[in-house]
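# Residue-level structural notes
Okay, here's what each chain looks like letter by letter:
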Amino acid sequence: MASELQAKYRKDYQSPSHTITDIDLTFYLHEEKTRVVAISQVRQLDSTNQLVLDGENLELASLHINDQAWTAFKVTDTGLELSALPDGEFELRVETMINPSTNTALEGLYISGQAYCTQCEAEGFRRITYYMDRPDVLARYTTTIVADREKYPYLLSNGNKIEEGVTEDGESWVRWQDPHPKPAYLFALVAGDFDMIQEQYKTKSGRMVTLEVFVDKGNRDRATHAMLSLINAMQWDEERFGLEYDLDVYMVVAVDFFNMGAMENKGLNIFNSKFVLANDQTATDYDYQAIESIIGHEYFHNWTGNRVTCRDWFQLSLKEGLTVFRDQEFSSDLGSRSVKRIQSVRLIRGPQFAEDASPMSHPIRPEKVIEMNNFYTLTVYEKGSEVIRMIHTLLGETNFQKGMQLYFERHDGTAATCEDFVSAMEDASGIDLKQFRLWYSQSGTPVLTVSGEYSEADKQFALHVSQHTSSTVDQEEKQALHIPLKMSLYDSEGNRIELRCNGEKVSDILNVTESEQTFIFENVFEKPVPSLLEEFSAPVKLFYDYSDEELIFLMVHAKNDFARWDAGQMLLGKYIRQNVEKVRDNQETTISEGVIQAFKDLLLDKSADPAFIAEMFALPNFNEVSEWFDEVDVDSITTVLKSMKVELATALKPELLSVYHQLKQSDYTIDHESIGQRALRNMCLSYLAFTDQGNELVQNQYQQALSMTDVIAAMTAANLAGLSCRESLMQDYSKQWKHDGLVMDKWFVLQGQNPSENALSMIYDSMEHEAFTMKNPNRIRSLIGAFLNYNPKRFHDKSGSGYQFAGKILQQLNTINPQVASRMVDPLLKFKRYDKDRQALMKKELEALLNMDNLAKDLYEKVTKALDI
Ligand code: B3K
Ligand code: ZN
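Residues numbered from 1 in each chain as written. Chains lettered and ligands numbered in written order. Predicted model: local features only at pLDDT ≥ 70, side-chain atom pairs only at ≥ 80, totals over all residues. Heavy atoms only, no water.

The protein is annotated in an unreviewed UniProt entry as Aminopeptidase N from Vibrio aerogenes CECT 7868. Quoted verbatim from the Function (unreviewed entry) field of the UniProt record, the comment on the protein reads "Aminopeptidase N is involved in the degradation of intracellular peptides generated by protein breakdown during normal growth as well as in response to nutrient starvation." Of the protein, the UniProt comment under Catalytic activity (unreviewed entry) reads exactly: "Release of an N-terminal amino acid, Xaa-|-Yaa- from a peptide, amide or arylamide. Xaa is preferably Ala, but may be most amino acids including Pro (slow action). When a terminal hydrophobic residue is followed by a prolyl residue, the two may be released as an intact Xaa-Pro dipeptide." (UniProt positions renumbered as here; feature names shortened; annotations may be inferred.)

Spelled out as structure tokens, the structure:
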């Protein structure tokens, strides 16, 4: 087996034989032949005189040790093996040639539009020079960039600019120095011509920082929201975590070709332009919120990721789980905490639970990896952040912050492990997290089955809790976890009952630690209604046999908005399940009068936050519902979800119409209240689209829209309800935006999600659109990603046409951009969840991939797992 296809195991970690204290890099930028000179100060750490450097796709031009041409080396597929090295310290000079213009994988140094940029996490630096490309080698970087003066007026790298000038050939050069030692994955370089906006920020301790956002020429007016978000993030981190920025300049550069959302390179974040550019005419409220959260996320990495980095890539959740937790808190503190929580929980209950039940199931700290890029997953990020949130729940804010301080005291400037983080939390709080650590090593979704038993005679309420985690493909044996279960008991008037056990008042967070446990509450004078797993206090599935009445009671009376939403979801979930059974038996679907009334009351509740009501009205989507069944019955689930939407729309039409008209706005502002009002109004429209007035309402909204939010809401409603105005709206939009790929992405998403019968042929047509290119990951994610992930009806078409399309695209992408291909393959990996015919069709496409000659390790790892090879 080719060495790059071999898995690495967490248990095999070995500390490095050498380290690099300083590296001096010079880039002579050229589109096809960039020359990179890397001079490293190497220090031997043990007695070895050999050193393996990582390298990929490099042409070695020269190699010197202590100024002597070195011949004791071997070039391999994956790097350079140096031997007969001197003891102690020595200088390594490597000169390589690289070709940015053919780099469509967008890893290492590549060209995006007219600019050069880099992406080095996880293992992209090895495509720039031969190096110890591992996160536990931390060096001080000095970087010189030499390039054409006219074409590349901005030459950027990490740290502070220390010198600049012009070469004899008339090229310009700039030298940067980053005083903070860092691993290679945080290195960045950008060269190009941009519009730039600048602000000055004064930190709490008085340091003046220059903030700069670079965007493509002509896009200056789309950069302000990113800048504002950055300032908010800096302030928030000072206030909530006491953390300040540590360089004189913080730069954000937006590029169009980027494999993911953004990258936290020290002092020089590189962003997918999708998460920087926004104005009222081009971006939706959702885009504005995503920009705020991702700008925050990358900024927060400066401490959780850069100042303390990861010892090895198995520890990725150390920085990602923690930083997602921090960005979620940032959004919650600035906006609505409950709405943010609802959105995060949807991500876990839908795609993360699905991932954990798939062939890619892995713990938040994986044990085994072939291609690291495959592990930037919902599990590592989102479940990882839930694990941090559970620590926060168990310790409380004060102890958690003490833990953070201790973590920084112990590990600032070093590469640490998840274990180091948990130990700091434990030591700072005195709370035992021994059993809790299992969350780091155990994969799968635990199921909590809870039942309640009221004793009238004893005035006691007993909660019987059992936990079970089913085997996952990666791990058969599972153990009982430490699960914080936050709960309340309500009396019939909707008041919380004080929780008392063994004669004492107890906390509302129960420590579930065993397979079976009973909690007995005393002084309960009537049969209570329990509210369980409040705030989604653990990433588990909860089962409790609630009656409709109890759920409606909680929807109305629970004193916590998240619990109200969750009760509503459980109620809808009950009916979805029942209706799936009915559809299978050829019966009509139904929703009870009581449920309809409850939703009607909610819609008319003037005291509730509109953004919250909008969330309450969002039915669980196909992917989330699929997770409730062992075998996914595509046809019945899609039928039920549509018929319930129609049924609710018909029953509530007058109320939906009145709220829709009442919430019409006369201008567009981006504050949480206005965003919430638009969210509710557009939620109403999404229902009304399924009534006889749908076409007229949608068309009017499109024509009168003041913002992209309302435009896209109208188009989405037309698309999903298959309205007759759909085509004309799509055409009009394309005419207006065909030159702007980023704005066209919203149109590509709609083409991808189009539930109509000829969707696939329209997708083929869309691939011919002038804004579409297979080389841009945003276009792929929008059109192809939407089809594979959010068009269950057409992707899972019985004929297999959707699967064949996926297979064909994946074969092309494997060569163009293996990382993006690997993201796209996920829906096919889950073939075992479908009926036998679909299974066979999906499997065929995976087998065809495996038979390719040049299958990249990204797809190889996932496909072999799925096919059990
Ligand atoms: N750390 C980067 C992700 C890198 C992904 C590499 N395939 C962005 C982030 O999580 O902030
Ligand atoms: Zn991150």
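## Quick word on the pairing of strand β2 (residues 18–28)
Among the eleven residues of β2, eight are classified as buried, and the element is accordingly described as predominantly covered. Once β2 ends, the chain turns through five residues before running back antiparallel as strand β3 (residues 34–44). Judged from the seven bridges that link them, β2 and strand β12 (residues 139–147) form a sheet pairing that is parallel. Its bridge partner being in β12, Phe-27 is matched across the sheet by Ile-145. (Buried < 20%, exposed > 50% of the residue type's maximum accessible area, 1.4 Å probe, protein only. Helix = DSSP H or I, 4+ residues; strand = E, 2+ residues; numbered from the N terminus. Pairing = 2+ DSSP bridges.)

## Re the site of ligand 1
In the vicinity of ligand 1 lie 14 residues, with Glu-121, Glu-264, Glu-298, Asn-373 and Tyr-381 positioned nearest. His-301 is positioned such that a nitrogen or oxygen atom in its side chain is 3.2 Å from an oxygen atom of ligand 1. The separation between a nitrogen atom of ligand 1 and a polar side-chain atom of Gln-819 is 3.3 Å. Protein contacts shield 95% of the accessible area of ligand 1, which totals 330 Å² for the unbound molecule. Looking at the shell around ligand 1, the elements with two or more residues in it are β20 (262–263), α2 (285–300) and α3 (316–334). Of the residues in the shell around ligand 1, the class split is five nonpolar, four polar and five charged. (Near = heavy atom within 4 Å. Polar contact = N/O pair within 3.5 Å; in protein donor to acceptor, adjacent residues only side chain to side chain. Areas by Shrake-Rupley, 256 points an atom, 1.4 Å probe, with all protein chains shown as cover. Nonpolar A, V, L, I, M, F, W, Y, C, P; charged D, E, K, R; others polar.)

## Describing the coordination of the zinc ion (ligand 2)
Protein coordination at the zinc ion (ligand 2): the donors are His-297 (NE2), His-301 (NE2) and Glu-320 (OE), at 1.9 to 2.1 Å from the metal. In terms of primary sequence, the donors binding the zinc ion (ligand 2) are separated according to H-x3-H-x18-E. One end of the pair, His-301, is in the loop between α2 and β22 (309–310); the other, Glu-320, is in helix α3, and 19 residues separate them in sequence. Since its relative accessible area comes to 0%, His-301 is described here as buried. (Donors = N, O, S within 2.8 Å, 3.2 Å for Na, K, Ca; no water.)

## Re the sheet that holds strand β13 (residues 154–157)
What the four strands build is an open sheet, ordered β10-β11-β16-β13; its pairing is antiparallel. At either margin of the open sheet sits one strand with a lone partner, and together these are β10 (108–112) and β13. Looking at each pair of strands side by side, their axes are set apart by 20 degrees on average, direction ignored. In the sheet, strand β11 (residues 115–119) pairs with strand β16 (residues 189–192) via two bridges, with the strands oriented antiparallel. Across the sheet, residue Tyr-116 finds its bridge partner in β16, namely Ala-191. (Axes fitted to C-alpha atoms, helices over the stretch in contact; angles between N-to-C directions.)

## Here's the deal with helix α9 (residues 561–584)
Look at α9: 35 Å from first C-alpha to last across 24 residues, which is about the 34 Å you get at 1.5 Å a residue. A side-chain oxygen of the first residue of α9 lies 2.8 Å from the backbone nitrogen of Phe-562; this N-cap is Asn-560. After α9 finishes, the residue Asn-586 shows a positive phi value of roughly 60 degrees. (Expected span 1.5 Å × (residues − 1).)

## Describing the side chain of Lys-653
Assignment of secondary structure puts Lys-653 in helix α14 (residues 653–662). For Lys-653, a relative accessible area of 19% puts it in the buried group. Setting aside chain neighbours within four positions, we find Lys-653 in contact with Leu-688, Thr-691, Asp-692 and Gln-693. (Contact = heavy atoms within 4.5 Å.)

## Describing the pattern of salt bridges
Between side chains of opposite charge, a pair can form when the charged atoms approach closely. All chains considered together, the criterion is met by 64 salt bridges. Of the charged contacts, one joins Lys-217 and Asp-193 as a salt bridge, the two residues approaching to 4.0 Å between their closest N and O atoms. Here Lys-217 is found in the loop between β18 (208–215) and α1 (224–241), whereas its partner Asp-193 is found in the loop between β16 and β17 (195–202), with 24 residues between them in sequence. Exposure remark for Asp-193: the relative accessible area of 35% places this residue in the partly exposed category. (Salt bridge = Lys/Arg side-chain N within 4 Å of Asp/Glu carboxyl O.)

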